[in-house]
Amino acid sequence: MNQKIREGDLYKIMTVYGETFEIHYGYYDEKERYGPFNEPIPIYPDFLVHPQYTKDGYPFVTQMQDACAGYEGQSKEDGCFQCKYYRHGEDLLGICISETNKKRNASYIIEKND
């Protein structure tokens, strides 16, 4: 029997580089509630708005997160996942091992294309 997923339901609990994250179903944007495919989806932390770090000071990132100014890879359009500094954890979560982005340095900054 298929049970309908509801907003707020637990998707999974995962431990990534020593930190535990609860991922719940929901919507990234209010307008997603009213679209033709309006089922809730797993909502991953927004580490750009609410940064979190490992005990060693490396920032957590999601694979789909916008690339920072220190990105090294083929195309920044690919997001953090294709950067040489990305280290996969579980699911879509990982960390950035760039020394530039460590907590002891300036906070994680997205390069803006103005």
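Quick caveat: nothing in here was measured; it's all calculated off a predicted structure. (Residues numbered from 1 in each chain as written. Predicted model: local features only at pLDDT ≥ 70, side-chain atom pairs only at ≥ 80, totals over all residues. Heavy atoms only, no water.)

## Observations regarding the pairing of strand β6 (residues 93-96)
The pairing of strand β4 (residues 60-62) with β6 spans three bridges and is classified as antiparallel. Residue pairing for β6: T62 is matched across the bridge by L93. Bridge analysis of strand β5 (residues 86-90) against β6 gives four bridges, and the strand direction is antiparallel. Bridge pairing in β6 places R87 opposite I95. (Pairing = 2+ DSSP bridges. Helix = DSSP H or I, 4+ residues; strand = E, 2+ residues; numbered from the N terminus.)

## Points about the pattern of salt bridges
Considering all chains together, one arrives at seven salt bridges under this definition. With its nearest N and O atoms 3.8 Å apart, the salt bridge here joins R6 to D9. R6 sits in the exposed class, given a relative accessible area of 55%. The residue K12 makes a salt bridge to E90 at a minimum N-O spacing of 3.5 Å. Of this pair, K12 sits in strand β1 (residues 10-16) while E90 is found in strand β5, placing the two residues 78 residues apart along the sequence. On the basis of relative accessibility, which here comes to 25%, the residue K12 falls in the partly exposed class. Among the charged side chains, a salt-bridge network with shared partners connects E7, E30 and R33. (Salt bridge = Lys/Arg side-chain N within 4 Å of Asp/Glu carboxyl O. Buried < 20%, exposed > 50% of the residue type's maximum accessible area, 1.4 Å probe, protein only.)

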